[in-house]
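Structural overview for review
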Amino acid sequence: MSDTILETNGLTKEFMGFVAVGDVSLKVRRGSIHGLIGPNGAGKTTCFNLLTKFLQPTRGSITYDGRDITKLKPAQVARLGLVRSFQISAVFPHLTVLENVRVALQRQRGGSFDFWRSDSLLRQFDDRARALLADVGLTGYETLTAGELPYGRKRALEIATTLAMEPQMMLLDEPTAGMTHEDVDRIVALVKRVAVGRTVLLVEHNLKVVSGLCDTITVLTRGRVLAEGDYQSVARNPEVIAAYLGSEAHTVTEGVPA
């Protein structure tokens, strides 16, 4: 089994001549937490969309777990165990918390989503759904509708539905965006917990979160790789500091030993 679970070579996406992602070659180590950071407009989310096949690359290749997935569709990639969350929370607001996880678990029925079936048919998934909710700290929230949850708890629910897909690798798009300090700490602890036995690639703007979570960090700017390494080496890189102008540059270097 290769130490590298995800690799891109020359990954490029152009929109009418504009290069959103340009010649990105990335290696994600199996079992690691890998951060993808960069200023606004750096191409991070576009890169995620390419990796999970919501966009097709203009050129370049993507290999996941030893298999070329460049031409696959999103559902095919998800079935291989490469599953993502989204920057905007993607839950069913009018279903209960338990029902949201149960919908994700219906994948075990071969892709049949039985919204119209009797509730009793789907109760076979309840124990597993409750176990996943316990894993993300949502025990006691089962009967609330997802729309009633505070924002941070919605993100935890989204991670639970992602885990229901039994991913080998999770791609998390800004999991702490818009959260209070308390929610950020909760989600950081959650990501650390669910990363055990899995690989995580995450886009994140909060650099303190990245410094506490990530084994390796890749910095993008203008769609290209600017730097890569552990947090200490990346934070000291003059080009990275220049990319994060002003207060963000201070945030990059804050807490890094001299």
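The name given to the protein in an unreviewed UniProt entry is ABC transporter ATP-binding protein, with the source organism recorded as Paracraurococcus ruber.

A few words now on the overall build of the protein. Of regular secondary structure, the protein possesses 11 helices and 10 strands. Counting contacts in the protein only where the partners sit at least 6 residues apart, residues at least 24 apart contribute 64% of the total. For the protein, the exposed surface amounts to about 12200 Å²; the carbon and sulfur share of it is 52%.

Across all of its chains, the model carries 7 salt bridges by this definition. A salt bridge links E182 to R186, with the nearest nitrogen and oxygen atoms 3.1 Å apart. Of this pair, E182 and R186 both sit in helix α7 (residues 181-194), separated by 4 residues, roughly a single helical turn. Of the charged contacts, one joins D183 and R186 as a salt bridge, the two residues approaching to 2.5 Å between their closest N and O atoms. Remark: R186 and D183 occur in helix α7; sequence separation between them is 3 residues, near one turn of the helix. What makes R186 partly exposed here is its relative accessible area of 25%. The network of salt bridges with common partners includes E182, D183 and R186.

We now examine unusual backbone geometry. Even without a glycine there, the phi angle at K53 is positive, about 70°. Tracing the chain through its elements places K53 in the loop between α1 (44-51) and β4 (59-64). Given the relative accessible area of 3%, K53 is considered buried. At E174, a residue that is not glycine, the phi angle is positive and equals roughly 50°. With relative accessibility at 8%, the residue E174 sits in the buried group.

All chains considered together, the criterion is met by 0 aromatic pairs. Above the plane of the ring of F15 lies K13, whose end atom (NZ or CZ) is 5.3 Å from the centre.

This part covers the nonpolar core. Ranked by size, the top nonpolar core spans 47 residues in total, and within it V101, L133, V136, L157, L202, L213 and I217 carry the most contacts. Those residues in contact with V136 that lie beyond four places of it in its chain are A156, I159, A160, L163, L190 and R193.

What links the strands of a sheet is backbone hydrogen bonding, and the strands pair in either a parallel or an antiparallel sense. On the basis of which strands lie adjacent, the open sheet formed by 6 strands has the order β6-β7-β8-β3-β9-β10 and mixed pairing. Each edge of the open sheet is held by one strand with a lone partner, namely β6 (82-84) and β10 (224-229). Across the sheet, the axes of successive neighbouring strands diverge by a mean angle of 20°, strand direction being ignored. Set on the sheet, helix α6 (residues 151-164) makes contact with β6 and β7 (169-173); between it and β7 the angle comes to about 155°.

In the sheet, strand β1 (residues 4-15) pairs with strand β2 (residues 18-29) via 8 bridges, with the strands oriented antiparallel. Its bridge partner being in β2, E7 is matched across the sheet by K27. Between β1 and β2, which pair antiparallel in sequence order, lie 2 residues; one of them, M16, sits at a positive phi of approximately 50°.

This part is about helix α3 (residues 97-105). In terms of burial, α3 is a largely internal element, 8 of the 9 residues being buried. Every buried residue belonging to α3 is among V97, L98, N100, V101, R102, V103, A104 and L105, and all of these are buried.

What counts, and where the lines are drawn
- Residues numbered from 1 in each chain as written.
- Predicted model: local features only at pLDDT ≥ 70, side-chain atom pairs only at ≥ 80, totals over all residues.
- Heavy atoms only, no water.
- Helix = DSSP H or I, 4+ residues; strand = E, 2+ residues; numbered from the N terminus.
- Contact = heavy atoms within 4.5 Å.
- Areas by Shrake-Rupley, 256 points an atom, 1.4 Å probe, with all protein chains shown as cover.
- Salt bridge = Lys/Arg side-chain N within 4 Å of Asp/Glu carboxyl O.
- Buried < 20%, exposed > 50% of the residue type's maximum accessible area, 1.4 Å probe, protein only.
- Phe/Tyr/Trp six-rings, centres within 6.5 Å; stacked < 30°, edge-to-face > 60°.
- Lys NZ or Arg CZ within 6 Å of the ring centre and 35° of its normal.
- Core = buried A, V, L, I, M, F, W, Y, C linked by side-chain atoms within 4.5 Å.
- Pairing = 2+ DSSP bridges.
- Axes fitted to C-alpha atoms, helices over the stretch in contact; angles between N-to-C directions.

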